[in-house]
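If you want the building blocks of each chain, they are given just below.
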Amino acid sequence: MLDINLIRNDRKSVINLLSRRGADFSAEIEEIANLDSGWRRVLSESEELKRLRNEVSDEIGLLKREGGDASEKISSMKEISLRIKELDSEAKEFKEKSDALLLGVPNIPAEGLGYDNSVIRDSGPVPEPGFEYLPHWELGEMLGILDFEKAALLSGSRFPLLKGDGCRLERALASFMLDLHTEKHGYTEIIPPFLVREEVMTGTGQLPKFREDMYGTEDDGLFLIPTAEVPLTNMHRGGIIDPDDLPLKYTALTPCFRREAGSYGKDTRGLIRNHQFSKVELVNITSPEDSENSHLTLLRESEEVLKLLGLPYRVLLLGSSDMGFSASKTYDLEVWMPGEGLWREVSSCSNCGDFQARRMETRTRGEDSTTVYAHTLNSSGLAVGRIFAALLENFQTQEAGIRIPEVLSSYMKGRKLIERP
C-alpha cells in the first residue's frame, strides 16, 4: 500500500510515477485524494467538538457543585455528542473507501528503471545441440516420469503427475535448494500452513487485485497459497521487529496453487503454467537502509542454484511496465529451454520496499528508536517444476535419457542417468 502522505503532498507526481507501469491511475489517485481530504475535514470537526464537549462537561460539573441549573448545557452536550457520532461515522466511511482504493493501486517503480526489460548478464553462449532436442513434456512421457493424461483424468488440464524417477528427481532438486539456502546462505527453513486467511493474502498484495487467480474455500474464508511468499512475509504482521534481529531470512518448500485465470491458451503443455506446482521460496525482511544490498544478495543466492546445476541462464532487470503489483524493483532469472527454443523465467527476485509492510503493519525501529515500516523482499529459489523441465531439456541425451547434474548425484543415490524403460 502506498503512503497516503505521498498523495497528499504531490498527487500529480504519484500519477506520473505510476504511469511508468503502462497504465493510467489518475482517476483512482484523484478519488483517494478527495476521500482523504473529506476524512481529514470531518475528523478535524469531530476533534474540535470533542474538545468543546469536554469543556461543557467541566462547566456542567462546576454548575452542579455550585447548585446552578445545568439543563441547558446538558441539552447542548447531547446535541454535540450526536453530531460527533455522525462525524465519526462519516470519517469511518471516508477511510474505508480510501483504503479500499489504495489496496488496488500498485507499488511505485524504483527510481532509474527503464520502461522495458534489459538483460544485464548471462552465463555465456547457449550450447549448440548436436541433435534435435525434445520438449520436456514429450521427453518426460517417453521416460515414464511424467503422465499428463492421468493428471487430466484426476483434476483436468494444467495439473502435473510425476512418477518413479520423476518424483525422485523433483525431491532431489528441492532438497538441494533447501540445503544450499539453509546451510550456506543462512536461511531458516519454515513449513507454513498452505491455507491462509484473507487478510494474509491482502498483506502481500494478492488480494483484492488478483482474487480471480486464487483458490478460496467458501465455508471458512481461507485461501490456498499461490506462493510461500504469502505466509513467510506475513509471519511478523502487526509486530515490531527488533532491529538487531534483521535481516530475517526465511525459506520454504511448498505447493503453490494458481488459477492462471488470465492465461487461457498460453503454455498449455508441460510444466510451465500449471495450477499446482512446487517452489522453494526465499523471503527477506530488512531495515529500509539495508534493503537495496539485500536485494542484490538475494539475487546472487537464487542465481547460485543455476550455476551449480550448470544450466544456461540470463539475468534481466525488469522494466517498470513488466513488474509485479507489489514490487518496486525486480530481477528475473531465465533459463534457456532448447526443446522449446526459448527462454523461460524460473525466478523473480523483487524488492517491495515498505509496500507490503504497510499493508501488514510490520515495523522495526530506526536509529532514533522511532518505529518505521520494514522492507520486504522475495525470490523464487527456485521454481522446482520449471527447473525440472529445464533439466530434462538441457541434459537430455541423443538416446532420450537424462544426465543427472553432479550436485544432484548424492540426492539421487549416486545415479548419473535416467534412461528410457
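Residues numbered from 1 in each chain as written. Predicted model: local features only at pLDDT ≥ 70, side-chain atom pairs only at ≥ 80, totals over all residues. Heavy atoms only, no water.

Digging into the overall build of the protein
Each helix and strand in the protein was counted, giving 11 helices and 15 strands. Here the C-alpha coordinates of the protein stretch approximately 105 × 45 × 40 Å along the principal axes. Here the protein, with 421 residues, has 48% of them falling under the buried criterion. When the accessible surface of the protein is summed, it comes to about 20,600 Å², and 47% of that surface belongs to carbon and sulfur atoms. Side chains of the protein carry 52 positive and 70 negative charges; the gap between the two charge centres is 2 Å. (Helix = DSSP H or I, 4+ residues; strand = E, 2+ residues; numbered from the N terminus. Buried < 20%, exposed > 50% of the residue type's maximum accessible area, 1.4 Å probe, protein only. Areas by Shrake-Rupley, 256 points an atom, 1.4 Å probe, with all protein chains shown as cover. Lys, Arg positive; Asp, Glu negative; His and termini not counted. Charge placed at Lys NZ, Arg CZ, Asp CG, Glu CD.)

Brief notes about the pairing of strand β10 (residues 342-351)
Two faces, one strand: in a regular strand the side chains alternate between the faces of the sheet. Pairing of strand β9 (residues 329-337) with β10 involves nine bridges; the strand directions are antiparallel. Each bridged residue has a counterpart across the sheet, and for Val335 the counterpart in β10 is Arg344. Taken together, β9 and the strand that follows it, β10, pair antiparallel across an intervening segment of four residues, in which Gly341 is found at a positive phi of about 75 degrees. Pairing analysis gives three bridges linking β10 to strand β13 (residues 375-383), with the strands arranged antiparallel. Pairing of Cys349 across the sheet is with Ser379, part of β13. (Pairing = 2+ DSSP bridges.)

As for unusual backbone geometry
Here the bond from Leu207 into Pro208 is cis, since omega is 0 degrees, no more than 30 degrees from zero. Here Pro208 shows up in the loop between α7 (198-204) and β4 (222-224). Of note, the amide linkage connecting Leu246 to Pro247 takes the cis form, showing an omega dihedral of 0 degrees. Along the polypeptide, Pro247 turns up in the loop between β5 (240-241) and β6 (248-257). With a phi angle near 65 degrees, Arg158 is a residue other than glycine that sits in the positive phi range. Phi at Lys413 takes a positive value of approximately 55 degrees, unusual for a residue other than glycine. Locating Lys413 in the fold gives a position in the loop between β14 (402-403) and β15 (417-418).

Things to note about the nonpolar core
Ranked by internal contacts, the top residues of the largest apolar core, which has 55 residues, are Leu173, Met177, Leu306, Leu311, Val335 and Ile387. Contact partners of Met177, with chain neighbours within four places excluded, come to Val280, Val305, Gly381, Leu382, Val384 and Ile387. (Core = buried A, V, L, I, M, F, W, Y, C linked by side-chain atoms within 4.5 Å. Contact = heavy atoms within 4.5 Å.)

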